Amino acid sequence: MHVLVAGATGYLGRFLCAEYARRGHHVTALVRNTARAEGLADLLLKAEATRPDTLCGVMDGVDLVVSSLGITRQADGVGYWDVDYQANLNLLREAEAAGVKRFAYVHVLQAEAMAGVPLVDAKAAFVTALQASDMPATVIAPSGYFSDMSEILSMARAGRVWLFGDGTQRLNPIHGADLAAAIADATDAGRGWVEIGGPDVMTQNQIARAAFAALGKQPRITYLPDALRRTTLAVLPILPRRASGPARFFLTALGLDMVAPRFGTRRLADHFASLAAEAPCQEKGSRT
């Protein structure tokens, strides 16, 4: 099978390329910068999904498109509707024209509960377009990435973790390698929708304590009133979108339980322990 991965140089995209290659598939990575993608796939194709003219012919002979394409922080003059929606729509239209057999897209868990958040709205709009297409589709809704949890470790390293409310909201984030395997399982089985989380369901409190434990420090956790989170969310829309976009997503998600069916073997405590041995600048990861 010939698999094309969009968003291939991001956190999840690299694991997707490796997983499909491990399963014996021919993998093409669609990238903007080939220098960042050396050795990533059998074939590197340079294109910009925001520009449909650069996509002509890139999906010839492709059986499956897997897109983890999206942005968390808006930059370079493009926003969520340019990338999470329109760029993915450009990919879908090219896939339809090329006769691709299936299109898989990485969405977000609890999207309905986060309606009104620009990043989520753009993703949800693309999912609507994908499901309206005649193209067989797989939509993956993960609970969260280990790379996002690294922010907790950074706070713990600085000496204190700040949480909103009482820290009892639950989540089970997943390692990129485990998520890539679950996605490949879902596309192999032809599933239409799959929600995926990691093996450990933890409260925000437990995640913070796991971060301190990895660093060998006594926990120092400060609880901020949840009303402050809600007030901040009310103010954010009037701020520049580059700053407000990621904050609106993460602050909204912090107020929800983000628990999906468990998958994988990699545990967050082990991930924290691995990162704790590295330089602080290596802790932060990118989702896409």
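Residues numbered from 1 in each chain as written. Predicted model: local features only at pLDDT ≥ 70, side-chain atom pairs only at ≥ 80, totals over all residues. Heavy atoms only, no water.

A. Structural context of the overall build of the chain. Helix and strand counts for the chain come out as nine helices and 11 strands. In terms of C-alpha radius of gyration, the chain reaches 19 Å, essentially the compact-globule figure of 19 Å for 288 residues. Along the first, second and third principal axes, the C-alpha set of the chain runs to 55 × 40 × 35 Å. Roughly 12700 Å² of accessible area belongs to the chain as shown, and the carbon and sulfur atoms make up 52% of that amount. Positive and negative side-chain charges of the chain, numbering 29 and 28 respectively, have mean locations separated by a distance of 7 Å. (Helix = DSSP H or I, 4+ residues; strand = E, 2+ residues; numbered from the N terminus. Rg over C-alpha atoms; globule rule 2.2 N^0.38 Å. Areas by Shrake-Rupley, 256 points an atom, 1.4 Å probe, with all protein chains shown as cover. Lys, Arg positive; Asp, Glu negative; His and termini not counted. Charge placed at Lys NZ, Arg CZ, Asp CG, Glu CD.)

B. Region of the structure containing the pairing of strand β4 (residues 64-67). Of the two faces of β4, the one lined by Leu64 and Val66 and the one lined by Val65 and Ser67 are each fully buried. By the bridge criterion, four bridges tie strand β1 (residues 2-6) to β4 in an arrangement that is parallel. Note on β4: the bridge partner recorded for Val3 is Leu64. Summarising the sheet, β4 and strand β5 (residues 102-106) pair through four bridges and their orientation is parallel. Bridged to Val66 within β5 is Ala104. (Buried < 20%, exposed > 50% of the residue type's maximum accessible area, 1.4 Å probe, protein only. Pairing = 2+ DSSP bridges.)

C. Just helix α9 (residues 268-276), in detail. Listing the buried residues of α9 in full gives Leu268, His271, Phe272, Leu275 and Ala276. Around the axis of α9, the buried residues are gathered within 135° of arc, so they sit on the same side. Among the structural elements, α4 (146-158), β10 (202-203) and α6 (204-215) are those in contact with the buried residues of α9. (Arc of directions from axis to C-beta. Contact = heavy atoms within 4.5 Å.)

D. A look at the packing of α4 against α6. Remark: α4 packs on α6, axes separated minimally by 9 Å, with the N-to-C direction vectors making an angle of 55°. As summarised for this structure, α4 and α6 are arranged oblique, according to the angle between their axes. Considering only the axes of α4 and α6, their crossing is right-handed. Every residue of α6 that contacts α4 at Met149, Ile152, Leu153, Ala156 and Arg157 is listed here: Ile207, Ala208, Ala211, Phe212 and Leu215. Here the residues of the contact of α4 with α6 sort into nine nonpolar, no polar and one charged. (Axes fitted to C-alpha atoms, helices over the stretch in contact; angles between N-to-C directions. Parallel < 35°, antiparallel > 145°, perpendicular 65-115°, else oblique. Left-handed = near helix turned anticlockwise from the far one by under 90°. Nonpolar A, V, L, I, M, F, W, Y, C, P; charged D, E, K, R; others polar.)

E. Structural detail: unusual backbone geometry. One non-glycine residue, Gln110, adopts positive backbone phi at about 65°. Position of Gln110 relative to the elements: it lies in the loop between β5 and α3 (118-132).

F. Summary view of the pattern of salt bridges. Evaluation of the coordinates by the stated rule reveals 12 salt bridges. Between Arg23 and Asp185 there is a salt bridge, and its shortest N-O distance comes to 2.7 Å. Here Asp185 lies in helix α5 (residues 176-189) and Arg23 lies in the loop between α1 (11-22) and β2 (26-31), a separation of 162 residues in the sequence. Judged by its relative accessible area of 25%, Arg23 is partly exposed. (Salt bridge = Lys/Arg side-chain N within 4 Å of Asp/Glu carboxyl O.)

G. Spotlight on the nonpolar core. If you look at the biggest cluster of nonpolar residues, it comprises 91 residues, and the most contacted ones within it are Tyr20, Met59, Leu91, Phe103, Met114 and Ile183. Once residues lying within four places of it in the same chain are set aside, the contact partners of Ile183 are Leu12, Leu16, Tyr20, Val66, Val106, Ile140 and Ile196. (Core = buried A, V, L, I, M, F, W, Y, C linked by side-chain atoms within 4.5 Å.)

H. The arrangement of the sheet that holds β1 in detail. Spatial ordering of the open sheet is given by β3-β2-β1-β4-β5-β6-β9, a layout of seven strands whose pairing is parallel. Each edge of the sheet is formed by a strand with only one pairing partner; in this case those strands are β3 (43-46) and β9 (193-196). Each strand axis lies, on average, 20° off the axis of its neighbour in the sheet, ignoring direction. Bridge count for strand β6 (residues 137-142) against β9 is four bridges, and the pairing is parallel.

I. Local environment of the pairing of β5. Buried residues dominate β5, accounting for five of its five residues. Where burial is concerned, the two faces of β5 agree: the one with Arg102, Ala104 and Val106 and the one with Phe103 and Tyr105 are both buried. Note that β5 and β6 share four bridges and pair parallel. Residue Val106 lies in a different strand from β6, and its bridge partner there is Ile140. Handedness of the β-α-β unit built from β5, α3 and β6 comes out right-handed. (Right-handed = clockwise from strand over helix to strand, strands pointing away.)

J. A look at the packing of α1 against α5. Here α1 crosses α5 at 55°, and the two axes come no closer than 8 Å. Judged by the inter-axis angle, α1 sits oblique to α5. In this structure, the crossing between α1 and α5 has a hand that is right-handed. Every residue of α5 that contacts α1 at Tyr11, Leu12, Phe15, Leu16, Glu19 and Tyr20 is listed here: Gly176, Ala177, Leu179, Ala180, Ala181, Ile183, Ala184 and Thr187. When its residues are assigned to classes, the contact of α1 with α5 shows 11 nonpolar, two polar and one charged.

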